[in-house]
Amino acid sequence: MKYLITFSYNGNYFKGYQKQKNLKTVQGCLEKYLTMLNDNEVVVTSSGRTDVYVHAINAKAHFTLDKNIKEYNIKTFLNRRLNGEIYIKDVVKVDDNFHARYDVIKKEYRYYINMGKFNPIEKDYVYQYNKKLDINKMKKASKLFIGEHDFRSFCSNEKEKANCIRNIYSIKIIKHNNKLELVFIGNGFLKHMVRNIVGILIKVGNGLFTTYEVETILEEKTRKHNTKPVPGNGLYLWNVYYK
């Protein structure tokens, strides 16, 4: 039987999502306990990977079990063993042809910035920038990223991907007192893409970059400007949407 799970996790407890030898990861923990439940090895396929310290509110993944186990029993079994570091929110049976990654139609990420005084309680969950930003300038620059673009200038420094074209449907920048919430919705995101875009928008907000310079970087389609991504602890995989 194939199942789809919706789950949240605290990125501070893991060395990223993807399974790695001798490291604690989200995928590794899920596969460990599902294999225990199934009595045979289980491979968990997610909608995508997150980096170290990145959190998730509604991550999605599928897996196949040899046994026909009730959804509630799977949820209960996993949550009793995951120590609250990962929480299974929902389990549903899906068709054999469903794929958690390839069937995604859009994803939503959110990034949080504190412009006020340093907050040690929130430091692992909100980026402590601790300076004022010009939000109107940031909103204006954010519009440049809307639509389909080659985002090669905003991916990681690793070996270049063959296809860096992605479509961002919307970017919202919302102020909550001294905090900023940046909401990104698109058909997909490259590694470090959201964090690099946020880093550029912060430079616009503090006057280091102009909107024209941002447009030039986007059109360059290279990593020569070497944009530094903002810390992962302010980033959340908020939701994954299917047909």
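To be clear, the structure that these remarks concern was listed above.
Remember, it's a predicted structure, so these values are computed and weren't measured experimentally.

J.: Mind showing me how you'd approach the overall build of the protein here?
T.: Within the protein, the secondary structure is distributed over five helices and 10 strands. Since a compact globule built from 243 residues should have a radius of gyration of about 18 Å, the 19 Å found for the protein is in line with a globular shape. With the principal axes as the frame, the protein shows a C-alpha extent of 60 × 40 × 30 Å. For the protein, the proportion of its 243 residues judged to be buried stands at 51%. Of the roughly 12,700 Å² of accessible surface on the protein, 48% is carried by carbon and sulfur atoms. Between the centroid of the 42 positive side chains of the protein and the centroid of its 24 negative side chains there is a distance of 5 Å.

J.: What's the story with the packing of aromatic side chains in this structure? I'm lost.
T.: Centre distance and the angle of the planes are the two values used to describe a pair of aromatic rings. Throughout the structure, instances matching the rule amount to 12 aromatic pairs. Ring centres 5.5 Å apart and planes at 90 degrees place the aromatic pair Tyr112 and Tyr236 in the edge-to-face group. Highlighted residues: Tyr112 in strand β5 (residues 104–114) and Tyr236 in strand β10 (residues 235–242), separated in sequence by 124 residues. Ring geometry for Phe145 and Phe151: centres 6.5 Å apart, planes at 20 degrees, overall stacked. Exposure class is identical for Phe145 and Phe151. Each is buried. Taken together through their ring pairs, the aromatic side chains of Phe7, Tyr9 and Phe14 make up a single cluster. Just above the ring of Phe14 sits the side chain of Lys24; from NZ or CZ to the centre is 5.4 Å.

Conventions adopted
- Residues numbered from 1 in each chain as written.
- Predicted model: local features only at pLDDT ≥ 70, side-chain atom pairs only at ≥ 80, totals over all residues.
- Heavy atoms only, no water.
- Helix = DSSP H or I, 4+ residues; strand = E, 2+ residues; numbered from the N terminus.
- Rg over C-alpha atoms; globule rule 2.2 N^0.38 Å.
- Buried < 20%, exposed > 50% of the residue type's maximum accessible area, 1.4 Å probe, protein only.
- Areas by Shrake-Rupley, 256 points an atom, 1.4 Å probe, with all protein chains shown as cover.
- Lys, Arg positive; Asp, Glu negative; His and termini not counted.
- Charge placed at Lys NZ, Arg CZ, Asp CG, Glu CD.
- Phe/Tyr/Trp six-rings, centres within 6.5 Å; stacked < 30°, edge-to-face > 60°.
- Lys NZ or Arg CZ within 6 Å of the ring centre and 35° of its normal.

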